[in-house]
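Chain residues, written in single-letter form:
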Amino acid sequence: MLIGKKNSIPSSEITPESIYRQRRQFIKGLAAMGGLAASGQLLALTDQHDLAGERIYSGPEWLQSALKQGRSDSRLSTDESLTPYRLVSGHNNFYEFGMGKGDPLRYAQRFKTDPWRVEISGEVNKPAHYELEDLIKPSQLEERIYRMRCVEGWSMVIPWVGIPLADIIKRAEPTSKAKYVEFVTLLDPDQMPGQRSSFSTIDWPYREGLRMDEAMHPLTIMAVGLYGNSLPPQNGAPFRLVVPWKYGFKSIKSIVAINLRETMPDTSWNLSAPHEYGFYANVNPQVDHPRWSQATERRLPSQLFNPNIIDTLPFNGYAEEVAHLYTGMDLRKWY
Ligand SMILES: Nc1nc2c(c(=O)[nH]1)N[C@H]1C(S)=C(S)[C@@H](COP(=O)(O)O)O[C@H]1N2
Ligand SMILES: [Mo]
């Protein structure tokens, strides 16, 4: 259940992002010194940082307690400045709730995210409909602070909370024919006004896909939270993909189906504009979008007189971890 609690945190309890980060570094330091085995309980997940005047999503009980058990010491996290919660949860792309950046915050508030069932099907030994709780609970939640680069040219740094997608896939026991993973968003025009709109170029439901090795990569996570709390509906609650080295549109929200397949699945933006959006969509400053350059990005927060334009990095700065997945591939052809 989602509870909108406006202004419920006294300002004295709000930890600014800088302190949040210092604390994280401190905890990381302790863990490195061997002072803490997992640094589990100490993570900043329970802090109410940067939430002045914002809604907090409590989520279901099981998620609340799983969040308290989460860990925050991942070596895969960046220590770049976090994008404030206000922007992470207020500047969104989620066309099911409208095409404006403020539409998802405005129109997704009553979106029903619990109970939530996910179908795992296709090339697996254990196809089933799972309650979200049963998919998440066998793993420990982890905080992962990732850069996110939208194909439109803006980017953020977001503290996600989730579990590796690999955990879920392994438990479903893929067969030897499983070469790709397809993901599908909920189809529910009653709740999602964008799915009723005649302006949309997307053929609903939104779908995405990954190659099996991309899906199994340790950077690839399924997020159920951000900033230590439950995922807000506008960010794809209760269950969304996060693939940080690819353009944001690959990170599909509010997923109800995961289908393992032998053949490459269709993907929404590729179907809608195949010359502009490919299946791979790896962040690549050397391959421009047909209508704009991808060499730089606007890192949020960004202001009129301080736009904060930075260079875009190959694979969004994750080349060391993932470039080997594409050895021998022409990345201009496979954009
Ligand atoms: N189902 C669905 N998933 C989606 C989208 C969408 O419109 N529908 N937009 C994508 C795009 S273009 C981006 S940049 C990211 C934005 O994620 P965020 O709003 O949590 O930052 O979600 C992606 N996932
Ligand atoms: Mo995007």
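Residues numbered from 1 in each chain as written. Chains lettered and ligands numbered in written order. Predicted model: local features only at pLDDT ≥ 70, side-chain atom pairs only at ≥ 80, totals over all residues. Heavy atoms only, no water.

A. Empty space enclosed by the protein, seen in detail. Using the criterion set out here, one finds 2 cavities of 30 Å³ or more in the structure. In this model, the largest cavity occupies a volume close to 50 Å³. Taken together, the residues of the lining of the largest cavity sort by class into 7 nonpolar, 3 polar and no charged. Of the volumes computed, that of the second largest cavity is approximately 30 Å³. Of all the elements, strand E3 (residues 142-149) adds the most residues to the lining of the second largest cavity, at 3 residues. (1 Å grid on protein atoms, 1.4 Å probe; cavity = no way out; pocket = protein on both sides within 12 Å on 5 of 7 lines; lining within 4 Å. Points joined across faces, edges and corners; volume = space filled by probe spheres on them. Nonpolar A, V, L, I, M, F, W, Y, C, P; charged D, E, K, R; others polar. Helix = DSSP H or I, 4+ residues; strand = E, 2+ residues; numbered from the N terminus.)

B. Region of the structure containing helix H6 (residues 165-172). Three or more residues of H6 are buried, namely Leu-165, Ala-166, Ile-168, Ile-169 and Ala-172. What you see down the axis of H6 is that its buried residues fit within an arc of 160 degrees, all on one side. Looking one or two places after H6, you find Glu-173, whose phi comes out positive at around 55 degrees. (Buried < 20%, exposed > 50% of the residue type's maximum accessible area, 1.4 Å probe, protein only. Arc of directions from axis to C-beta.)

C. Quick peek at the environment of Pro-265. Positionally, Pro-265 belongs in the loop between strand E10 (255-261) and helix H8 (268-272). Taking the C-alpha atoms as reference, Pro-265 lies 7.6 Å from Val-181; in sequence the two are 84 residues apart. Filtering out sequence-adjacent residues up to four positions away, Pro-265 remains in contact with Tyr-180, Val-181, Glu-182, Gly-209 and Phe-279. (Contact = heavy atoms within 4.5 Å.)

D. Spotlight on the site of ligand 1. Close to ligand 1 lie 17 residues, the nearest being Asn-92, Tyr-95, Glu-96, Arg-240 and Lys-253. A distance of 2.9 Å separates an oxygen atom of ligand 1 from a polar side-chain atom of Arg-240. One nitrogen or oxygen atom from the main chain of Ser-251 is found 2.9 Å from a nitrogen atom belonging to ligand 1. When the free accessible area of ligand 1 is taken as 530 Å², the share hidden by the protein chains comes to 98%. (Near = heavy atom within 4 Å. Polar contact = N/O pair within 3.5 Å; in protein donor to acceptor, adjacent residues only side chain to side chain. Areas by Shrake-Rupley, 256 points an atom, 1.4 Å probe, with all protein chains shown as cover.)

E. A look at the sheet that holds E10. Reading across from one edge, E2-E1-E10-E5-E6 is the order of the 5 strands in this open sheet, with mixed pairing throughout. Looking along the sheet, the strands with just one partner apiece sit at the ends: strand E2 (128-131) and strand E6 (207-211). Averaged over neighbouring strand pairs, the angle between their axes works out to 20 degrees when direction is ignored. Bridging between strand E1 (residues 117-122) and E10 involves 4 bridges; their strand directions are parallel. Across the sheet, residue Ser-121 finds its bridge partner in E10, namely Asn-259. (Pairing = 2+ DSSP bridges. Axes fitted to C-alpha atoms, helices over the stretch in contact; angles between N-to-C directions.)

F. Layout of the layout of surface pockets. Taken as a whole, the largest pocket holds about 470 Å³ of empty space. What lines the largest pocket is a set of 30 residues, among which Asn-93, Cys-150, Tyr-206, Gly-248 and Phe-249 lie closest to the centre. It is strand E4 (residues 154-164) that contributes the most residues to the lining of the largest pocket, 4 residues altogether. Broken down by class, the residue content of the lining of the largest pocket amounts to 17 nonpolar, 7 polar and 6 charged.

G. Representation of unusual backbone geometry within the structure. In this model, Asp-114 is joined to Pro-115 through a cis peptide bond whose omega is 0 degrees. As for its placement among the helices and strands, Pro-115 is situated in the loop between helix H4 (103-107) and E1. Residues Ala-237 and Pro-238 are joined by a peptide bond in cis, for which omega reads 0 degrees. Relative to the helices and strands, Pro-238 resides in the loop between strand E8 (229-230) and strand E9 (240-242). Phi at Glu-173 is positive, roughly 55 degrees, even though this residue is not glycine. On the secondary structure map, Glu-173 appears in the loop between H6 and strand E5 (180-185). At Tyr-227, a residue that is not glycine, the phi angle is positive and equals roughly 50 degrees. Within the secondary structure layout, Tyr-227 lies in the loop between strand E7 (221-226) and E8.

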